[in-house]
Amino acid sequence: MLWKRIYRCFSNLRREEEILLNFTENLSKLRADATRMNLRPEKLVELKKNEFLDMGVLNYFGLNQDCIQIYRHADSLTSVPEDRSVNYPRNGVIRLEMLFSKSENLRENFRRFYSERVRIGKMLEIFDYLAGMTAYKYVYNEAGSRICTFVTACVDRFQPYGKFSTTDDLILTAYPSYVGNSSVEVRVEVASRVNNQDVGIATTHFLMVARSLEDHSKPFKVPRLSFEGEDDPARCELRNELGKRAQVRRKLKDSSSVYKIPPTGEESIALFHLFRKIKSKSFDLSESVLMGATRIEKTVLMHSQDKNIHGKVFGGYLMREAYELAWVCAYTYSKGNIPSFNRVDDVVFHAPAEVGSVCKFVATVTFVQSPHVNVLVELIRWMPDG
C-alpha cells in the first residue's frame, strides 16, 4: 500500500510559500469586498417573531430567539414583478444577526471548547439553512406551502479572512447571486460587528437545485435573474459572471473526475516515476506516516430531529458532523496541537440521507505541508435493512 503513504514535513514553509498563501487569502478578501451587496440600513425591514415561526428559524436557536434578528429587503414586497418568470436579487435577501453581545447562553451554545472561537461546524449548518430559505424565497414560495423542492447540491469554497468570535455579533446575509435553468446559487456573506462597524470576515456560495414537487427526478424551472432596479447593478453583473464561471468549473471538474476518465498521459508518467522512486527507496521514510493510520471514523444513526422540510436529513447537520470530524482528525494527527481552521475547499452531495439510515463519516489526512493539513471526509450511508 505504498501509494497510501504521506510524508510529514516539520520544517517551516519557505518564504515564497508564505507570501503566496497570504496573497491568496488577501485576494479572496479583495474579491469578496469588491462583489459584496451594499445593503443600506434603510433598505432593511426587521421580521416579526410570528414570521420567525413561519421560517422555522426558532428550530436552531430555541430559547435564544431574543438574541437574533432577521431582516428582509424593504423592497421585497413592493418590487414583485407581474411576470413570475423573473425575479431580483433583493427579493431573496435574508439577513440574520446573531447578537452574542446580548446573551451568554447564545455565546455558550456556539463557543468552541476553552476559547471564544465560534464552532465553524454550527455556522455551516446555519449557512445551509439560510441558503435554503433564500432559494425558496426567490421562487415566490409562500410560507406554509411549497411549489418545488430545493436540495443543496454543493458548497463552493468557504475561506474566512477574519476571525469568528463569540465576543462580537455576527451578521449573516444571504441572497441569490446567479441562477441557472433549475438552480440558484446563494451567496452567504458574514460580517463581524466591531465598535458598531460591520467588517466582512467570510463569503461562501451554496448551489441549490430545484426539483418538481411531484417528481423529484424532474427539474423545476426557476425565475431568471434580473438586475433591474438594483442599487448596485455593476456588482450584480460581476457576481453573476463569477457564478457562470463557477458553474463551468464545476462541470469541467465533474467530467474530468478520475471516476469517469483514466489518467492522462502526463499523469500516468508522473505516477510511474513516483512508483519507481518509492521502489528505489530514494524517499526518506523515517518521518512518514501511513495515510491509513490517520483515518478516523464516526457512525451515526439519523434521527427525525435532524430532518429538513422534505423529510430527509438536513444537509447542514451532515456538514457540521463532517467538519467536526475533520477537525478531530487534524487534531489527533498533530499530536494534540490545536488546529486553526483555514478553509473548506468544497462540499458535494451525491444523494440524500434518509431518517433511520446509518451514516459513517470517514476522515483521512490526504496531504501535509507544514503547518497545513488537508483532511478529506467521506460519508457512507446505508439502511439497516440493506
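Read on for an overview of the structure.

Rules of the game
- Residues numbered from 1 in each chain as written.
- Predicted model: local features only at pLDDT ≥ 70, side-chain atom pairs only at ≥ 80, totals over all residues.
- Heavy atoms only, no water.
- Core = buried A, V, L, I, M, F, W, Y, C linked by side-chain atoms within 4.5 Å.
- Buried < 20%, exposed > 50% of the residue type's maximum accessible area, 1.4 Å probe, protein only.
- Contact = heavy atoms within 4.5 Å.
- Helix = DSSP H or I, 4+ residues; strand = E, 2+ residues; numbered from the N terminus.
- Expected span 1.5 Å × (residues − 1).
- Phe/Tyr/Trp six-rings, centres within 6.5 Å; stacked < 30°, edge-to-face > 60°.
- Pairing = 2+ DSSP bridges.
- Axes fitted to C-alpha atoms, helices over the stretch in contact; angles between N-to-C directions.
- Parallel < 35°, antiparallel > 145°, perpendicular 65-115°, else oblique.
- Left-handed = near helix turned anticlockwise from the far one by under 90°.
- Polar contact = N/O pair within 3.5 Å; in protein donor to acceptor, adjacent residues only side chain to side chain.

Remarks on the nonpolar core
Here comes step 1: In this structure, Met98, Phe127, Phe150, Phe164 and Leu172 are the most contacted members of the largest nonpolar core, which totals 69 residues.
Here comes step 2: Dropping the residues within four chain positions of it, Phe150 is found in contact with Ala135, Tyr136, Val139, Val184, Met208, Val209, Ala210, Val222 and His310.
Here comes step 3: Among the nonpolar cores identified, the runner-up in size contains 6 residues, and Leu39, Tyr71, Val93 and Tyr175 belong to it.

A look at helix H5 (residues 120–138)
Here comes step 1: Helix length check: H5, at 19 residues, gives a terminal C-alpha distance of 27 Å against a target of 27 Å (1.5 Å per residue), a fit within 8%.
Here comes step 2: Of the residues one or two after H5, Tyr140 is the one with positive phi, at around 65°.

What to know about the packing of aromatic side chains
Here comes step 1: The tally for this structure, following the rule as stated, stands at 10 aromatic pairs.
Here comes step 2: Between Phe158 and Phe341 the ring centres are 5.6 Å apart and the planes differ by 35°, which places this aromatic pair in the tilted class. Of the two residues, Phe158 is situated in strand E6 (residues 148–158) and Phe341 in the loop between helix H8 (315–333) and strand E13 (344–348); the sequence distance between them amounts to 183 residues.
Here comes step 3: A residue is classified by how much of its surface remains accessible, and Phe158, at 1% relative accessible area, is buried.

Digging into the sheet that holds strand E3 (residues 68–73)
Here comes step 1: In spatial order, the strands read E2-E3-E5-E7-E8-E9-E6-E13; together these 8 strands make up an open sheet with antiparallel pairing. Single-partner strands in this sheet number two, and they are strand E2 (44–46) and E13. Strand-to-strand twist in this sheet, taken as the mean axis angle between neighbours without regard to direction, amounts to 25°.
Here comes step 2: Where E2 lies against E3, 3 bridges are found, and the strand directions are antiparallel. For Val45, the partnering residue across the bridge sits in E3 and is Arg72.
Here comes step 3: Taken strand by strand, H5 contacts E3, strand E5 (94–98), E6, strand E7 (169–179), strand E8 (183–194) and strand E9 (197–212), and its axis lies near 45° from that of E7.

Here's the deal with the packing of H5 against H8
Here comes step 1: Put simply, H5 and H8 touch, their axes get as near as 8 Å, and they point 160° apart. By the angle class used here, H5 and H8 are roughly antiparallel. Seen along the crossing, H5 lies across H8 with a hand that is right-handed. In this structure, H5 contributes Ile120, Gly121, Lys122, Leu124, Glu125 and Asp128 to the contact, and H8 contributes Gly315, Gly316, Tyr317, Met319, Arg320, Tyr323 and Glu324.

What about the side chain of Arg187?
Here comes step 1: Structurally, Arg187 can be placed in strand E8.
Here comes step 2: You can call Arg187 buried: its relative accessible area is 3%.
Here comes step 3: In this structure the side chain of Arg187 is engaged in a polar contact, spanning 3.1 Å, whose partner is the backbone oxygen of Ala32.
Here comes step 4: One polar contact links Arg187 to Thr35, side chain to side chain, over a distance of 2.9 Å.
Here comes step 5: Non-local contacts of Arg187, meaning those with residues more than four positions away in its chain, are made with Ala32, Thr35, Arg36, Thr173, Ala174, Tyr175, Ser177, Thr203, Thr204, His205 and Arg239.

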